Amino acid sequence: MFVLSSFQIGQQMIKLVFPEEKQAEELFEIIETDRKALSEWMPWTKNVKSKKDEIEFINYAREKNAKYQLLELAIIAGNQPIGMIDLHSIDRDDRRAEVGYWMFSKYQGKGIMTESLKHLLSIAFDELDLNKIIVMADSKNEKSRAIPQRLGFRQEGTLKEEIFMNKQFRDLDVFAITTSEYKIKNS
């Protein structure tokens, strides 16, 4: 397992690692357990119907990671995967990327995702030399919206009826932070 970053939350050591096929079964079980809640916000859940689908996603992510087109990371607690976080839509010319994340419900509310995003920002700004990171969250997803706000992202706007999900158009709130804003907040 290649650990890109690690940190402690209470007594729990958390690791951000490149996803591996051996994690597919546990990740799929989490998706199955939380499918109803995840489906409310994550359109990709309809495409993950089996462990095989999760293996295919992990292999896709590993291939894109190798080409520097994606930075997909599994979030590990106690040697168990508990969620994922990524940089996607990486634009090397404009030096920006978007973030996506999800986590097993039994680990939510402990600060793990906020700290995971903080570590991902450090990688994005310090190692990948990106200048701007964007988080788009459903306007009604308070938990997801709170994570970038805790880290000093500013809300740049709302994309009205941006996605069609669960038989309705949904608004997305756009949050962003630049390298200079991040460094001021973390100096």
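Before reading on, note that the structure itself is shown above.
For the structure given in this document, a descriptive report is provided here. Remember, predicted model here, so these are calculated numbers, not experimental data.

## Quick look at the nonpolar core
Proteins that are soluble and globular tend to have nonpolar side chains buried together.
Then step 1. Membership of the largest hydrophobic core comes to 48 residues, with the highest contact counts inside it found for Ile85, Leu87 and Ile133.
Then step 2. Looking at this core, the elements that each hand over two or more residues are β2 (12–17), α1 (24–33), β3 (71–77), β4 (80–91), β5 (96–103), α4 (112–127), β6 (132–138) and β8 (168–178).
Then step 3. Per element, the largest residue contribution to this core is 8 residues, and it comes from α4.

## Here's the deal with the pairing of β5
Then step 1. For β5, a buried count of 7 out of 8 residues is recorded, marking the element as mostly surrounded by other parts of the structure.
Then step 2. Pairing analysis gives 7 bridges linking β4 to β5, with the strands arranged antiparallel. The partner of Leu87 across the bridge, within β5, is Val99.
Then step 3. In sequence, β4 turns back onto β5 through a hairpin of 4 residues, with Arg95 there showing a positive phi of about 55 degrees.
Then step 4. Across 4 bridges, β5 lies against β6 in parallel orientation.

## A short note on the sheet that holds β5
Then step 1. Strand order in this open sheet of 8 strands is β1-β2-β3-β4-β5-β6-β8-β7, and the pairing throughout is mixed. Every other strand in the sheet has two partners, leaving β1 (3–9) and β7 (154–165) as the edge strands with one partner each. Going from strand to strand, the sheet's axes swing by 25 degrees on average, the running direction of each strand aside.
Then step 2. Across 4 bridges, β2 lies against β3 in antiparallel orientation. Among the inter-strand pairings, Leu16 is bridged to a residue of β3, identified as Ile75.
Then step 3. Docked against the sheet, α4 engages β1, β2, β3, β4, β5, β6 and β8, running at close to 145 degrees with respect to β1.

Calculation rules
- Residues numbered from 1 in each chain as written.
- Predicted model: local features only at pLDDT ≥ 70, side-chain atom pairs only at ≥ 80, totals over all residues.
- Heavy atoms only, no water.
- Core = buried A, V, L, I, M, F, W, Y, C linked by side-chain atoms within 4.5 Å.
- Buried < 20%, exposed > 50% of the residue type's maximum accessible area, 1.4 Å probe, protein only.
- Helix = DSSP H or I, 4+ residues; strand = E, 2+ residues; numbered from the N terminus.
- Pairing = 2+ DSSP bridges.
- Axes fitted to C-alpha atoms, helices over the stretch in contact; angles between N-to-C directions.
- Contact = heavy atoms within 4.5 Å.

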